[in-house]
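Take a look at the letters that make up each chain.
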Amino acid sequence: MNLDQLSKVELIKLLNSFMQGTDATATGHVNDGILHELQTHQVELELQNRELRELRIQLEESRDSYAKLYEFAPVGYLTLDDTGKILEVNLTAATLLGIERLRLINKPFVTLLNRGESKPFFSHLKQSLDSELPISTRLRIKKTNGQVMVVRVESVAMHNTEHVSKCLTAFSDISKEVDADYLARKLATSILENTPEGVMITDAQQRIVDVNRAFTTTTGYTRDEAIGKTSSLLDSGRHDDAFYQELSQTLNAEGRWQGEVWNRRKNGEIYPEWLNITAIQDETGTVINYAGIFSDLSSQQQVRKRLHRLAYYDALTELPNRELFYDRLINSIANAKREGNQLALLFLDLDRFKIINDTLGHTVGDSLLKAVSAMLKQCVRESDTVARLGGDEFTIILNAISNPEGVVKVVSSIFDDLKKPLLLDLNELFVCASIGISIYPDDGDNPNTLLKHADIAMYQAKRSSQKGFQFFEKKMGETINQRLSLVNELRHALKNNALQLAYQPKIDLTNGRFIGMEALLRWQLPDMQWVSPTLLISVAEESGLMLSLGEWVLHQAFTQAAVWVDNGHRNFRMAINLSGLQISRGHLVAQVRELLRQTGLDPHYLEFELTETILMENEKSIIHTLRSLQEMGIHFSVDDFGTGYSSLAYLQRFAINRLKIDRSFIADVMSNKNDAEIVANIINLGHSLNLKVIAEGVENQAQLDYLQQRSCDEVQGFFTGPPVFADQMTQIMSTDRLSDFA
């Protein structure tokens with residue numbers, strides 16, 4: 001008997017007894033062959049059971065993975081029946097909707113939608129159930145917190161054997177994408193509307209579908225009038241068929257075309273424009289639109305006029321500028337030469353304009369320049385030219401003059417108008433000017449020479465003329481040449497260290513003792529002639545050498561003071577004059593600090609003399625510079641006190657040590673009651689502020705006696721001690737006293 005002949009019940013019993021350890025042979029049912037088969041079947045069953053267990057585990061793991069994937073998918077999943085009722089929902093969908101999952105089951109999906117979305121939803125549901133392919137759409141869902149969420153919905157039908165229809169629907173939040181898309185479209189629309197170029201968009205058949213505001217401005221057609229028409233709406237009739245054929249061929253081949261075309265506005269006016277046309281294609285490469293962007297070239301004429309005005313006219317006063325002035329002067333000279341006439345060139349400079357600018361501000365200064373410009377134009381003929389070269393410098397070309405008297409008449413008219421007060425920003429101003437005059441052909445036969453000579457005459461008028469104007473004279477040119485020669489000589493002197501310092505003693509009036517000196521610049525030319533200090537400073541300022549000159553003086557003075565200190569002289573203080581240029585444009589603090597380091601000089605041996613004009617400046621850089629020097633321990637005195645234009649407010653801003661009475665008051669102190677009173681008041685003012693007062697320019701005993709009676713502290717001048725060079729000053733310092741004035 002084999003196992004195949006046993007019934008199922010018998011086989012099961014046999015296997016059970018075998019597995020329970022019962023001796024099957026005892027039953028008489030099996031032999032050794034059957035026993036072997038049973039053992040084999042036992043092994044196979046165990047293997048099958050193990051495989052089943054592993055399959056069950058894998059199935060459970062797959063089910064768990066699918067459940068997690070379904071529940072926590074990045075998109076929401078819904079199962080809808082054919083009425084749109086929610087049958088199943090994953091956790092992501094519930095989270096996105098903000099509603100508990102149990103509350104969503106059996107809830108009509110349409111109740112979640114924003115107003116107006118139900119019809120699109122049912123249309124989408126029907127399409128999904130009728131199609132074998134996924135159908136997508138976009139819907140707006142209103143969340144429980146009131147926010148509206150834009151979602152992308154994709155549904156696919158699920159049909160079973162019982163013909164029960166369901167939809168598996170996936171949706172994701174695309175609100176941010178929609179917002180970004182909306183902003184991009186809004187930005188594009190805004191750019192399109194506000195660009196200065198006209199824009200016209202057509203379909204593939206060249207029917208206009210949209211235009212921008214500039215299109216309407218340029219062509220005169222409104223948006224409603226243009227949409228639906230073809231681009232031939234603007235046809236001017238100036239271009240033939242060949243032109244448009246070539247345009248079309250280029251556009252088809254390259255996808256773009258640009259060039260100049262003539263179009264017609266709504267009012268019939270024909271105008272030129274620069275046109276760029278671009279073909280717009282869809283994903284398949286099919287042209288769906290054309291975009292035309294054009295610029296009205298007729299407006300370029302206005303631009304050219306504007307550029308011409310900017311190039312040739314002063315922006316502030318609207319007078320011809322330097323460029324146009326030269327053109328006008330060249331033409332005037334040519335006309336005068338052809339007609340045998342004379343012309344006059346006036347060079348006008350406003351006096352003390354910088355003070356007005358600095359004290360009242362640039363706005364008032366600009367208003368003043370415009371007012372003067374208008375006045376000057378009123379004083380000349382239509383054929384004449386008034387120009388502004390820059391700053392407060394003006395030129396006037398007087399054409400076809402017959403004699404100098406006619407020029408004087410115009411100049412007198414200008415001065416008469418300048419005498420009238422100008423009310424600018426609640427400030428009543430009186431303006432003065434200096435005018436230099438050159439005549440063609442006597443003073444020059446070309447623009448540069450005439451302008452140079454008028455400029456020279458203007459400076460002469462500013463220096464000496466009581467009338468305010470000056471005709472050019474040849475000797476002025478000689479003077480200028482002399483000054484130019486001096487400039488060259490000064491450059492060589494600075495380079496070769498050919499300048500010198502002299503030192504004028506300062507005396508304490510209470511005991512006649514020597515207390516210090518003022519360093520004074522001296523310059524002797526190669527021909528042994530001495531250059532006056534006033535001329536030397538003037539030449540240095542005009543030539544731009546003032547900073548170099550000031551640096552040389554500081555180096556020499558510091559070095560000499562250090563020598564005296566090293567030789568045992570301790571009772572002195574050296575005064576050094578500073579220019580406004582050194583303080584405002586130089587690197588004074590760094591220079592002084594470096595010189596102190598090089599020489600080892602103690603700063604208390606130094607005193608810087610400054611004019612009131614420098615101290616009245618309120619620029620932060622100047623204030624910072626002076627305070628930095630004071631912090632080093634250097635003393636300050638006010639030079640030429642009483643001649644400035646300011647109040648005494650600067651005495652509060654700076655720690656001034658001395659007031660120096662200007663020599664102009666000392667010169668007439670014995671003969672001029674006003675000067676004597678000024679001197680006495682300055683001394684009293686200085687003492688009331690705990691300042692030392694020193695008088696300069698003392699030339700006789702009477703002046704000295706007067707100053708002693710008024711308790712002046714210190715003096716200097718030729719009477720008490722003329723300027724001397726270093727070796728003589730060393731002898732004076734050794735005596736510590738000037739015996740004649742003990």
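Bear in mind the structure is a predicted one, so any value in this text is a computation, not a measurement.

Draft legend 1. Unusual backbone geometry, seen in detail. Following Y440, the chain continues into P441 via a peptide bond in cis, with omega recorded as 5°. Take P441: it is sitting in the loop between β16 (433-440) and α15 (447-463). Notably, Q206 is not glycine yet its phi reads approximately 65°, a positive angle. Turning to its location among the elements, Q206 is positioned in the loop between β6 (198-203) and β7 (208-211). The backbone phi angle of S711 is positive, close to 65°, even though this residue is not glycine. In this fold, S711 is placed in the loop between α26 (701-709) and β26 (714-716). The exposure class assigned to S711 is partly exposed, which follows from its relative accessible area of 43%.

Draft legend 2. Structural view of the sheet that holds strand β1 (residues 76-81). Pairing is antiparallel in the open sheet, where five strands are placed in the order β2-β1-β5-β4-β3. At either margin of the open sheet sits one strand with a lone partner, and together these are β2 (86-89) and β3 (135-142). For this sheet, the mean angle separating the axes of adjacent strands, direction not counted, is 30°. Across the sheet, helix α5 (residues 118-130) touches β1, β3, β4 (148-159) and β5 (165-173), and the angle it forms with β3 is around 150°.

Draft legend 3. Quick look at the packing of aromatic side chains. Considering all chains together, one arrives at 13 aromatic pairs under this definition. Taking 6.1 Å as the distance between ring centres and 70° as the angle between the ring planes, the aromatic pair formed by F215 and F294 counts as edge-to-face. Of this pair, F215 sits in helix α7 (residues 213-219) while F294 sits in strand β10 (residues 287-296); the two residues are 79 residues apart in sequence, bridging distant segments of the chain. Overall, F215 belongs to the buried group, its relative accessible area being 0%. Arranged with centres 5.5 Å apart and planes meeting at 65°, the rings of F325 and Y326 form a pair that is edge-to-face. Residue class for F325 comes out buried when judged on its relative accessible area of 0%. Classification of Y326 by relative accessible area gives partly exposed; the value is 23%. One aromatic cluster is present, formed by Y503, W564, F572 and Y605 through successive ring pairs.

Draft legend 4. Geometry of helix α11 (residues 322-339). Between its first and last C-alpha, α11 extends 25 Å over 18 residues, near the 26 Å set by a 1.5 Å rise per residue. Of all the residues in α11, the buried ones are L324, F325, L329, S332, I333 and A336. Measuring from the backbone nitrogen of E323 back to the side-chain oxygen at the start of α11 gives 3.2 Å, which picks out N321 as the cap. Two residues or fewer after α11 comes G340, characterised by a positive phi angle close to 75°.

Draft legend 5. Geometry of the packing of helix α12 (residues 353-360) against helix α13 (residues 362-378). The N-to-C vectors of α12 and α13 enclose an angle of 140°; their axes lie 6 Å apart at closest approach. Taken as axis vectors, α12 and α13 run oblique relative to one another. For the pair formed by α12 and α13, the contact residues are F353, I356, N357 and L360 on the first element and H362, V364, G365, L368 and L369 on the second. Of the residues belonging to the contact of α12 with α13, the class tally is six nonpolar, three polar and no charged.

Thresholds, definitions, all that
Residues numbered from 1 in each chain as written. Predicted model: local features only at pLDDT ≥ 70, side-chain atom pairs only at ≥ 80, totals over all residues. Heavy atoms only, no water. Helix = DSSP H or I, 4+ residues; strand = E, 2+ residues; numbered from the N terminus. Buried < 20%, exposed > 50% of the residue type's maximum accessible area, 1.4 Å probe, protein only. Pairing = 2+ DSSP bridges. Axes fitted to C-alpha atoms, helices over the stretch in contact; angles between N-to-C directions. Contact = heavy atoms within 4.5 Å. Phe/Tyr/Trp six-rings, centres within 6.5 Å; stacked < 30°, edge-to-face > 60°. Expected span 1.5 Å × (residues − 1). Polar contact = N/O pair within 3.5 Å; in protein donor to acceptor, adjacent residues only side chain to side chain. Parallel < 35°, antiparallel > 145°, perpendicular 65-115°, else oblique. Nonpolar A, V, L, I, M, F, W, Y, C, P; charged D, E, K, R; others polar.

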